[in-house]
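Here is what each chain is made of, one letter per residue.
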Amino acid sequence: MNRKRPRHAVVTGLGVVTPHGIGTDVFWKTVKEGGSSLAPLGKEGCEHLPLRIAGEVRDFDADALIEGTFLVQTDRFTHFAMAATELALNDAGFGRADMDSPFSVGVFTAAGSGGGEFGQRELQKLWGQGPRHVGPYQSIAWFYAASTGQISIRNGFKGPCGVVAGDEAGGLDALAHAAQAVRRGTDAIVVGATEAPLAPYSIVCQLGYPELSRNDDPQRAYRPFTTAACGFVPAEGGAMLVVEDEEAARERGADPRATLAGHAATFTGASRWEDSRSGLARAISTALTEADCRPEDVDVVFADALGVPEADEAEALALTDALGPHARRVPVTAPKTGMGRAYCAAPVLDVATAVLAMEQGTIPPTPNVFDICHHVDLVVGRARPAELRTALVLSRGLMGFNSALVLRQGSVPPPE
């Protein structure tokens, strides 16, 4: 009897555009050293707004990285996605010659707010000059799915494509969609999330979030798991990954860097942080089951780390509920405290960091955090050497979505 071989979704390429810099080398160097790129918000038109600190992507030259044809049609969040995609494809050594067919490669992204900068510019033209002055690309540039579409068009990828608009946790959910597509037969998926939420219009929309930090000190504005926690700092940027069928990757000479082993998502309601304890714990347990992974197999946790006391406590308790006694021993880290939370892109950056951490045998620290007030082994101060075979990445969104993703180093099979 002929049986189809099992298909495993593996990561072969990473591309990042972050407040720490562009590309994995500069990004990992800063993350490993516990560096922070949080700084006073420097966007024009934001001077009067109560948001003071943010994680901005600086020295990003869109004109040098994106063809003019695409540049005029797209917002900054899509510029980030296109640039990160090119970096990821180069990192994976994946070119057009590696496609059996255009339909063998797809694209999945997650987006939280779409093209706010582009939309603001065109709406100002509408109000100030009239409808004839609004450009035709307004209809697509602001849209959540813009990055998926433009990456597909630019690279000729015609396989399964989609966008996840699932709150911040949607970044992990997009990776789960990619893994499912690979298991169903697609050879490769370009997947990830990028955000650009620092235009004045976008910030005004965020000011309704009580979880947003108004602190004006870059070293104190985002300090989860401490008594001084006062909310989160927003950021722009993000990451794109190349996810492939393991056998297809090996056939073209690529080495699997990590396996997307298990995922689960739940919903517990907007800003109901006490309830997120049970929802997040359930997501963790279900993801571990899908990955055929025991709680004690988890070597590191990349925390959601919202920076709200009730939410931080709920996350710590969720780890205890899901991992049992191991929750007190497993190292936990939140490198995002050094660059801010880039909404849907935040957990995808955590996944990229987890892949690099497993390869380097190093757990990066949590910047700006020292006085820990929850029962977690939070890595602070300096990086911690460790043998890392399994990583757990967590994410929660402000609207109530919870998500957990289990990564295994390389193509390590689950323990017997």
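Just so we're clear, the structure is a prediction, and the values are computed from it rather than from any experiment. Position numbers for residues start from 1 in each chain and track the written sequence from start to end. Totals for whole chains, interfaces and linings use every residue, but because this is a predicted model, local features are given only for residues with pLDDT of at least 70 and side-chain atom pairs only at 80 or more, for both listing and counting. Processing note: side-chain calculations cover all non-hydrogen atoms of the structure and skip hydrogens and water entirely.

**As for the overall build of the chain**
Item 1. On a plain count of helices and strands, the chain comes out with 13 helices and 16 strands.
Item 2. For the chain, whose C-alpha radius of gyration is 20 Å, the value lies close to the compact-globule estimate of 22 Å for 416 residues.
Item 3. Taking the principal axes of its C-alpha atoms as reference, the chain extends roughly 65 × 55 × 35 Å.
Item 4. Between buried and exposed lies partly exposed: a residue is buried under 20% and exposed over 50% of the maximum accessible area for its type, with that area taken using a 1.4 Å probe on protein chains only. The buried share of the chain, taken over its 416 residues, is 61%. Note on conventions: DSSP H or I runs of at least 4 residues are helices, E runs of at least 2 residues are strands, and numbering of each starts at the N terminus. Computation of the radius of gyration draws on C-alpha atoms, with the globule rule given as 2.2 Å multiplied by the number of residues to the power 0.38.

**Remarks on the nonpolar core**
Item 1. Counting residues in each nonpolar core, the largest one holds 51 residues, and the members touching the most others are Ile 284, Val 298, Val 301, Leu 319, Leu 323, Leu 392 and Leu 394.
Item 2. Elements represented by at least two residues in this core include exactly strand 4 (53-54), strand 9 (258-267), helix 11 (273-290), helix 12 (309-323), strand 15 (390-396) and strand 16 (401-409).
Item 3. No other element matches the seven residues that helix 11 contributes to this core.
Item 4. There are two domains that each give this core at least three residues, and those are domain 1 (9-252) and domain 2 (262-407).
Item 5. Note on contacts: a residue pair is in contact if any heavy atoms of the two residues lie within 4.5 Å. Once you skip the residues sitting within four places of it in the chain, Leu 394 turns out to touch Leu 172, Leu 280, Ile 284, Val 301, Phe 302, Ala 303, Asp 304, Glu 315, Leu 319, Ser 403 and Ala 404.
Item 6. Side-chain atoms within 4.5 Å link the members of a nonpolar core, which is a set of buried Ala, Val, Leu, Ile, Met, Phe, Trp, Tyr and Cys residues. Val 243, Leu 349, Ala 391 and Leu 407 belong to the second-largest nonpolar core, a separate cluster that totals 48 residues. Reported domain spans reflect what an automatic or database domain assignment gives.

**Details of the domain arrangement of the chain**
Item 1. According to the domain assignment, the chain consists of domain 1 (9-252) and domain 2 (262-407).
Item 2. On a C-alpha basis, the centroid separation for the pair domain 1 and domain 2 is 21 Å.
Item 3. Facing the 59 residues of domain 1 at the interface are 63 residues of domain 2.
Item 4. Buried area counts how much accessible surface, traced with a 1.4 Å probe, disappears from two parts once they are put together, with both parts' losses summed. Carbon and sulfur atoms make up 69% of the area that domain 1 and domain 2 hide from each other, which totals about 4800 Å².

**Details of the pairing of strand 6 (residues 161-164)**
Item 1. Of the two faces of strand 6, the one holding Gly 162 and Val 164 is buried and the one holding Cys 161 and Val 163 is not buried anywhere.
Item 2. Should DSSP find at least two bridges between two strands, the strands are regarded as paired. Pairing geometry for strand 5 (residues 105-110) and strand 6, over four bridges, is parallel. From the neighbouring strand, Ala 110 faces strand 6, where its bridge partner is Val 164.

**Brief notes about the packing of aromatic side chains**
Item 1. Each Phe, Tyr or Trp ring (for Trp, its six-membered ring) is paired with any other whose centre lies within 6.5 Å, and the angle between the two planes then decides the class: stacked below 30 degrees, edge-to-face above 60, tilted in between. Following the criterion strictly, the structure yields six aromatic pairs and no others.
Item 2. Ring centres of Trp 142 and Tyr 144 lie 6.4 Å apart, and the angle between their planes is 70°; on these two criteria the pair is classed as edge-to-face.
Item 3. With relative accessibility at 36%, the residue Trp 142 sits in the partly exposed group.
Item 4. By relative accessible area, Tyr 144 is classed as partly exposed at 31%.
Item 5. These aromatic residues form a ring-pair network of at least three members: Trp 142, Phe 143 and Tyr 144.
Item 6. The ring of Phe 118 carries Arg 121 above its face, with NZ or CZ at 4.6 Å from the centroid. Here, a charge over a ring means that NZ of Lys or CZ of Arg falls within 6 Å of the ring centre while also lying within 35 degrees of the ring normal.

**Considering the packing of helix 11 against helix 12**
For any two helices packed against each other, the geometry is given by the interaxial angle and the distance between the axes.
Item 1. Fitted lines through C-alpha atoms serve as axes, helices being fitted only where they are in contact, and the angles separating the N-to-C directions of these axes extend from 0 to 180 degrees. In contact at an axis separation of 8 Å, helix 11 and helix 12 are set at 35° when each is read in the N-to-C sense. Every pair of crossing elements has a handedness; the one defined by helix 11 and helix 12 is right-handed. Every residue of helix 12 that contacts helix 11 at Trp 273, Ser 276, Arg 277, Leu 280, Ala 281, Ile 284, Ser 285 and Leu 288 is listed here: Glu 310, Ala 311, Ala 314, Glu 315, Leu 317, Ala 318, Leu 319, Asp 321, Ala 322 and Leu 323. Crossing chirality is assigned from the near helix's rotation relative to the far helix, an anticlockwise turn below a right angle marking it left-handed and a clockwise turn marking it right-handed.

**Overview of the side chain of Thr 78**
Item 1. Looking at where Thr 78 falls in the secondary structure, it is placed in helix 4 (residues 76-92).
Item 2. For Thr 78, a relative accessible area of 0% gives the class buried.

**A word on the layout of surface pockets**
Item 1. If you add up the space inside the largest pocket, you get close to 530 Å³.
Item 2. Within this scheme a cavity is a closed region of a 1 Å grid, computed over the protein atoms alone, that accommodates a 1.4 Å probe without allowing it to escape, whereas a pocket is open but has protein on both sides within 12 Å along at least five of seven lines; lining residues each have an atom within 4 Å of a point. The wall of the largest pocket is formed by 26 residues, among which Gly 112, Ser 113, Tyr 144, Cys 205 and Tyr 209 lie closest to the centre.
Item 3. In this classification, Asp, Glu, Lys and Arg are treated as charged, Ala, Val, Leu, Ile, Met, Phe, Trp, Tyr, Cys and Pro as nonpolar, and every other residue, Gly included, as polar. The class makeup of the residues in the lining of the largest pocket is 13 nonpolar, 10 polar and three charged.
Item 4. The residues that make up the lining of the largest pocket include at least three from each of domain 1 (9-252) and domain 2 (262-407). Grid points are joined across faces, edges and corners, and a volume is the space filled by probe spheres set on the points.

**Section: helix 7 (residues 146-155)**
Item 1. Of all 10 residues that make up helix 7, eight are buried, and the element is covered over most of its length.
Item 2. Every buried residue belonging to helix 7 is among Ala 146, Ser 147, Thr 148, Gln 150, Ile 151, Ser 152, Arg 154 and Asn 155, and all of these are buried.
Item 3. Of the residues flanking the end of helix 7, it is Gly 156, one or two places downstream, whose phi is positive at about 75°.

**Here we look at a nonpolar patch on the surface**
Item 1. The grouping of Trp 142, Phe 143, Tyr 144 and Val 163 at the surface amounts to a nonpolar patch, some 340 Å² of accessible area in total.
Item 2. You can see Phe 143 is positioned in the loop between helix 6 (138-141) and helix 7.
Item 3. For Phe 143, a relative accessible area of 40% gives the class partly exposed. Residues form patches when they are more than 30% accessible in relative terms and have no salt bridge. Like charges link within 9 Å. Nonpolar side chains (Val, Leu, Ile, Met, Phe, Trp, Tyr) link within 5 Å. Note on areas: these come from Shrake-Rupley sampling with a 1.4 Å probe, and a residue is covered only by the protein chains present in the view. Whenever a carboxyl oxygen of Asp or Glu lies within 4 Å of a side-chain nitrogen of Lys or Arg, that contact is scored as a salt bridge.

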